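Spelled out, the chains give:
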Amino acid sequence: MKVSRSFSPRRMMPVLLACWSLIAMPLQAQESTPSPQPQPQAQPQPQTMIPAPPRLAATSWILMDAGSGRILAQHNPDERLPPASLTKLMTAYLVERELNQGNISLDDQVPISEKAWRTGGSKMFIEVGDRVPVSELLHGIIIVSGNDASVAMAEYLAGGVEPFADIMNQHAARLGMENTNFVNPTGLPHDNHYSSARDLALLSRHIINDYPKHYATYSEKQFTYGGIEQPNRNRLLWRDSTADGLKTGWTEAAGYCLVSSAKRQDMRLIAVVMGTASSEARVQESQKLLSYGFRYFETLKLYDKGAVLNTSRVWEGDKDELKVGVEENVFMTVPRNRNEELTAKLDIRKGLTAPISAGETVGSMEVRLGDEVVGKRDLLALEEVQEGGFFKRMIDKVSRFFSDLWSGWFG
């Protein structure tokens, strides 16, 4: 039997008035008293004056906070440039992704082809015909920038360099890398092989946040394979004890490039410097960016993943209230000593009606620093609300009818 959910207020008016007499006062109190807006707690402090970002002797650069994603300094961040061995950040990221999904293991033995063995440029010095563990090849890619190791992993994961490059580009698009195109897993020169400082910062942020258990490899200072010890080419690791990644690059067309990251207390920054004149210059210019960010900014954790930020009225459900929150931890990067100016505004969809799935977007949150919007996040349902029974739905329809009527008269 099909039950119609429509009804005539005129025909049911006596019943409606009776119901309204029972529920009107509690409903009005509930609807007219919104849940308090969560506000980041902070103590007022003297405001810090923020100077202009440093100017670097480089073609392009960017400074990003790894937690919040906020850009603190930039110059030509979207210019398409040859990335050289910074390409291997994507190669390593895809290896880490396959490991995380359980498709491969660190102990898998990878056969070394003649093509991998013959690949020129920086090498791990694997030998044709050998079978090398994934763990060793991943170290070879990250620490000593092995082109041979990169080709070997591309062949193992995708059957060849070309199909692996196609996978690289698919993931670049997924991550929002709008000015990137990969032709190979090594970064060896090609006219159609390019990336940008912003894209490489985005990729580095995912490397750090998506697969943290593999990130320690980027800070290792040496790697030995086949009796040959090679140093990590990232000299910043020796100069700054807080630096722990990520990757260097060089070709004649690209110049000297460095993607670096450092963490001080609870703040992690990512610096990308492309097109400097020497290996020393890329370190010095990266240090300037990192020092600027740590000196003049701080990153605050405002809300935890899954924290209840609001409890909202739900109609026609098996429960009357819905817990609302955020999908991930919420970080905001602000100038030092201005955290007391942070405010958060929640905008939750009106008239929430069951059924509602856990994880469904039901509104948004806007975080402001004074008058400036510094962040936006979706608000999600933290629980499921199923459709209520027939009588519960009917009572809610009545309640909602009079609530809307009341709001129209007195709202």
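Residues numbered from 1 in each chain as written. Predicted model: local features only at pLDDT ≥ 70, side-chain atom pairs only at ≥ 80, totals over all residues. Heavy atoms only, no water.

Colleague: Whenever I open this one, the nonpolar core confuses me. Can you help?
Modeller: A general trend in soluble globular proteins is that nonpolar side chains are found buried together. Among the nonpolar cores identified, the biggest contains 57 residues, and M90, M124, L137 and V272 are the most heavily contacted of them. When residues in this core are grouped by element, the largest group, 7 residues, is from helix α2 (residues 88-100). Not counting residues up to four positions away in its chain, the partners in contact with V272 are S60, W61, I62, A197, L200, A201, L258, V259 and L289. The next biggest cluster of nonpolar side chains, apart from the first, holds 26 residues, and it includes L322, V326, A354 and V374. (Core = buried A, V, L, I, M, F, W, Y, C linked by side-chain atoms within 4.5 Å. Buried < 20%, exposed > 50% of the residue type's maximum accessible area, 1.4 Å probe, protein only. Helix = DSSP H or I, 4+ residues; strand = E, 2+ residues; numbered from the N terminus. Contact = heavy atoms within 4.5 Å.)

Colleague: Sorry, what's going on with the pairing of strand β14 (residues 342-348) here?
Modeller: Along any regular strand, the residues point their side chains to alternate faces of the sheet. Burial along β14 is one-sided: L342, A344, L346 and I348 are buried, while T343, K345 and D347, pointing the other way, are not. Pairing of β14 with strand β15 (residues 361-369), which is carried by 7 bridges, proceeds in the antiparallel orientation. Opposite T343, over in β15, you have R368 as the bridge partner. (Pairing = 2+ DSSP bridges.)

Colleague: Sorry if this is basic, but what is going on with helix α7 (residues 197-210) here?
Modeller: Since one α-helical turn is 3.6 residues long, residues separated by three or four positions face the same way. If you check α7, its first and last C-alpha atoms are 20 Å apart, about what 14 residues at 1.5 Å a residue would give, namely 20 Å. Buried residues along α7 sit against β1 (60-65), α2, α8 (212-215), β7 (243-251), β8 (255-264) and β9 (267-276). (Expected span 1.5 Å × (residues − 1).)

Colleague: I'm lost on the sheet that holds strand β11 (residues 308-313) in this one. Help?
Modeller: Paired through backbone hydrogen bonds, the strands of a sheet run either parallel or antiparallel to each other. Strand order in this open sheet of 5 strands is β11-β12-β16-β15-β14, and the pairing throughout is antiparallel. Strands with a single pairing partner mark the edges of an open sheet, and in this sheet they are β11 and β14. Between one strand axis and the next, the sheet turns through 30° on average, direction left out of account. Across 2 bridges, the pairing between strand β12 (residues 321-325) and strand β16 (residues 372-381) is antiparallel. Of the residues in β16, the one forming a bridge with V324 is A381. (Axes fitted to C-alpha atoms, helices over the stretch in contact; angles between N-to-C directions.)

Colleague: I'm lost on the packing of aromatic side chains in this one. Help?
Modeller: Aromatic rings in a pair are described by how distant their centres are and how their planes are angled relative to each other. Enumeration over the complete set of coordinates arrives at 5 aromatic pairs. On the basis of an interplanar angle of 40° and a centroid distance of 5.8 Å, the ring pair of W250 and Y256 is categorised as tilted. Geometrically, the ring pair formed by Y292 and F297 is edge-to-face, given 5.8 Å between the ring centres and 65° between the ring planes. Across the pair, F297 and Y292 agree in class, each one buried. Feature note: the residues Y292, Y296 and F297 constitute an aromatic cluster, connected by ring pairs. One cation-aromatic arrangement involves R295 over Y296; the distance from NZ or CZ to the ring centre is 4.7 Å. The ring of W315 carries R313 above its face, with NZ or CZ at 4.0 Å from the centroid. (Phe/Tyr/Trp six-rings, centres within 6.5 Å; stacked < 30°, edge-to-face > 60°. Lys NZ or Arg CZ within 6 Å of the ring centre and 35° of its normal.)

Colleague: Mind showing me how you'd approach the sheet that holds β9 here?
Modeller: If you trace the 5 strands from one edge of the open sheet to the other, you get β2-β1-β9-β8-β7, paired in antiparallel fashion. Strands at the two margins of the open sheet, each flanked by one partner only, are β2 (71-75) and β7. This sheet shows a mean twist of 5° between the axes of neighbouring strands, independent of strand direction.

Colleague: Sorry, what's going on with the pattern of salt bridges here?
Modeller: Enumeration over the complete set of coordinates arrives at 14 salt bridges. The partner of R235 in a salt bridge is E280, and the shortest N-O contact between them spans 3.0 Å. Highlighted residues: R235 in the loop between β6 (228-231) and α9 (236-239) and E280 in helix α10 (residues 279-296), separated in sequence by 45 residues. Here E280 falls in the partly exposed class, since its relative accessible area comes to 23%. Between R268 and D244 there is a salt bridge whose closest N-O contact spans 2.8 Å. Taken together, the positions of R268 in strand β9 and D244 in strand β7 put the pair 24 residues apart, joining distant regions of the chain. Classification of R268 by relative accessible area gives buried; the value is 14%. Taken together, the shared-partner salt bridges connect R235, R239 and E280 into one network. (Salt bridge = Lys/Arg side-chain N within 4 Å of Asp/Glu carboxyl O.)

Colleague: I keep staring at the confidence of the model for the protein and nothing clicks. Help me out?
Modeller: Keep in mind that low pLDDT regions are not for reading the predicted coordinates in detail. This prediction gives the protein a mean pLDDT of 88; 86% of its residues lie at or above 70. Predicted confidence for residues 1-36 stays below pLDDT 50, and this span has 34 contacts to residues more than four positions away or in other chains. (pLDDT = per-residue confidence, 0-100.)

Colleague: Is there a simple way to think about the packing of helix α4 (residues 134-143) against helix α5 (residues 147-158) in this case?
Modeller: The geometry of a pair of packed helices is captured by two quantities: the angle between their axes and the separation between those axes. Two numbers describe how α4 lies on α5: the axes approach to 8 Å, and their chain directions differ by 135°. Comparing their axes, α5 and α4 come out oblique. The element α4 and its partner α5 pack so that their crossing is left-handed. Of the residues in α5, those touching α4 at V134, L137, G140 and I141 are A149, S150, A152, M153 and Y156. Tallied by class, residues from the contact of α4 with α5 come to 7 nonpolar, 2 polar and no charged. (Parallel < 35°, antiparallel > 145°, perpendicular 65-115°, else oblique. Left-handed = near helix turned anticlockwise from the far one by under 90°. Nonpolar A, V, L, I, M, F, W, Y, C, P; charged D, E, K, R; others polar.)

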